[in-house]
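If you want the building blocks of each chain, they are given just below.
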Amino acid sequence: ELAMINDIFRSEGAPPPDLFPTIESARGLLGIEAIAGFNGVAGLWFGPADLAIDTGFDWFVDGDVNREAFYYPRMRVVLTAAAYKLPVFEGAIFPNFRDKTEVGRRARQMRRLGITGMITFYPPPLETLTELFGRSEAECAYAREWVTTYESELLKAPRASYSSGYALIVSE
């Protein structure tokens, strides 16, 4: 399917897009390494709701997310994303997405498990998710400093450099 998407773009004279495939079926989960390694994949998206439908297990149990059923699939997606140096997103689907406290609690739990961002189709949780997964201007400035240092060091002979007290080792 990923190759087909790239072929469609090429047939229209457009470059292939960055791809963020959703892992939301048992087959997708079993083939995740091939998906993550496909040229053009820029991140992964874990879809627990569709996975529950595909596999037949309950999505919610007693008014709460069926956490036990999602541990293995979620962690497989997170570990594969880490192995391929990809960000991993999850849909921000909660029993009560208007409850900012609950959204924040669940989103912090996802972040602790390695989810790097959450995607929402509903406005209520957006502010909470942006606060938790967004980056401050100071963090962005720090990242830009590292990129600038790295790029300037590439122009020199391979060596180590220091920025903000940390070593940046550049080699061929």
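About the thresholds
- Residues numbered from 1 in each chain as written.
- Predicted model: local features only at pLDDT ≥ 70, side-chain atom pairs only at ≥ 80, totals over all residues.
- Heavy atoms only, no water.
- Helix = DSSP H or I, 4+ residues; strand = E, 2+ residues; numbered from the N terminus.
- Contact = heavy atoms within 4.5 Å.
- Areas by Shrake-Rupley, 256 points an atom, 1.4 Å probe, with all protein chains shown as cover.
- Buried < 20%, exposed > 50% of the residue type's maximum accessible area, 1.4 Å probe, protein only.
- Arc of directions from axis to C-beta.
- Pairing = 2+ DSSP bridges.
- Right-handed = clockwise from strand over helix to strand, strands pointing away.

Caption draft 1: Seen up close, the overall build of the protein. A count of helical and extended segments in the protein gives eight helices and eight strands. By sequence separation, contacts in the protein at least 24 residues apart represent 53% of the contacts at least 6 residues apart. On the protein, roughly 10800 Å² of surface is accessible, and the fraction owed to carbon and sulfur atoms is 58%.

Caption draft 2: Helix α7 (residues 126-133), seen in detail. Restricting attention to buried positions, one finds in α7 the residues T128, L129, L132 and F133. Relative to the axis of α7, the buried residues are bounded by an arc of 105 degrees and lie together on one face. Check the buried side of α7 and you find it contacts α6 (100-112) and β6 (117-119).

Caption draft 3: Layout of the pairing of strand β5 (residues 88-91). Two elements, strand β2 (residues 44-46) and β5, share three bridges in a ladder whose sense is parallel. Looking at the pairing, F46 lines up with E90 of β5. In this structure, β5 lies alongside β6, joined through three bridges in parallel fashion. Residue pairing in the sheet places G91 in a bridge with I119 of β6. Following the backbone out of β5, through α6 and into the adjacent parallel β6, one traces a crossover that is right-handed.

Any functional reading would require information beyond the geometric quantities listed.
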